[in-house]
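So you can see what is in the structure, the chains are spelled out below.
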Amino acid sequence: MGISRQGIQFDANDGEAVNIVAVFGTPRKHQKQHMELLASLSRLLQQQQTRDRLMQARDSEEVVSIFIPGGSSIS
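Here we summarise the structure given alongside this text.

Definitions and cut-offs
- Residues numbered from 1 in each chain as written.
- Predicted model: local features only at pLDDT ≥ 70, side-chain atom pairs only at ≥ 80, totals over all residues.
- Heavy atoms only, no water.
- Helix = DSSP H or I, 4+ residues; strand = E, 2+ residues; numbered from the N terminus.
- Buried < 20%, exposed > 50% of the residue type's maximum accessible area, 1.4 Å probe, protein only.
- Arc of directions from axis to C-beta.
- Contact = heavy atoms within 4.5 Å.
- Polar contact = N/O pair within 3.5 Å; in protein donor to acceptor, adjacent residues only side chain to side chain.
- Axes fitted to C-alpha atoms, helices over the stretch in contact; angles between N-to-C directions.
- Parallel < 35°, antiparallel > 145°, perpendicular 65-115°, else oblique.
- Left-handed = near helix turned anticlockwise from the far one by under 90°.
- Nonpolar A, V, L, I, M, F, W, Y, C, P; charged D, E, K, R; others polar.

A closer look at the environment of Gln-9
Moving on, step 1. Checked against the element boundaries, Gln-9 lands in the loop between strand S1 (2-8) and strand S2 (18-21).
Moving on, step 2. Judged by relative accessible area, which is 64%, Gln-9 ranks as exposed.
Moving on, step 3. Through-space distance from the C-alpha of Gln-9 to that of Leu-45 is 19 Å; in sequence the pair is 36 residues apart.

Given below as structure tokens:
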């Protein structure tokens, strides 16, 4: 997962810069799990609160805590 506070121009349809990028590498035999993970991440990133917390994260531990149920909140 990469987070850019300045944003990256990505030629998006809406013209907005991209701030959060996620990359997955999974074996072909685990396509179902890959799709489930992608769907879960998509649902989480649709929430403004999740995106805000990711943008405020100070380090990778805080980023990981956002995706763990009951993870700590960023203050």
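Looking at helix H3 (residues 60-67)
Moving on, step 1. Listed as buried for H3 are Glu-62, Val-63, Ser-65 and Ile-66. Along H3, the residues classed as buried sweep out an arc of 160 degrees about the axis, all on the same side. In H3, the exposed positions angled more than 90 degrees off the buried face are occupied by Ser-60 and Glu-61.
Moving on, step 2. Contacts made by the buried residues of H3 are with S1 and helix H2 (48-56).
Moving on, step 3. The residue sitting at the N-terminus of H3 and contributing the capping side-chain oxygen is Asp-59; that oxygen lies 3.1 Å from the backbone nitrogen of Glu-61.

Looking at the packing of H2 against H3
Moving on, step 1. Contact geometry for H2 and H3: axes closest at 9 Å, N-to-C directions at 165 degrees. Here H3 runs roughly antiparallel to H2, going by the angle between their axes. Every pair of crossing elements has a handedness; the one defined by H2 and H3 is right-handed. Residues Thr-50, Arg-53, Leu-54 and Gln-56 of H2 touch H3, and the partners they reach there are Glu-62, Val-63, Ile-66 and Phe-67.
Moving on, step 2. Of the residues assigned to the contact of H2 with H3, the class counts are four nonpolar, two polar and two charged.

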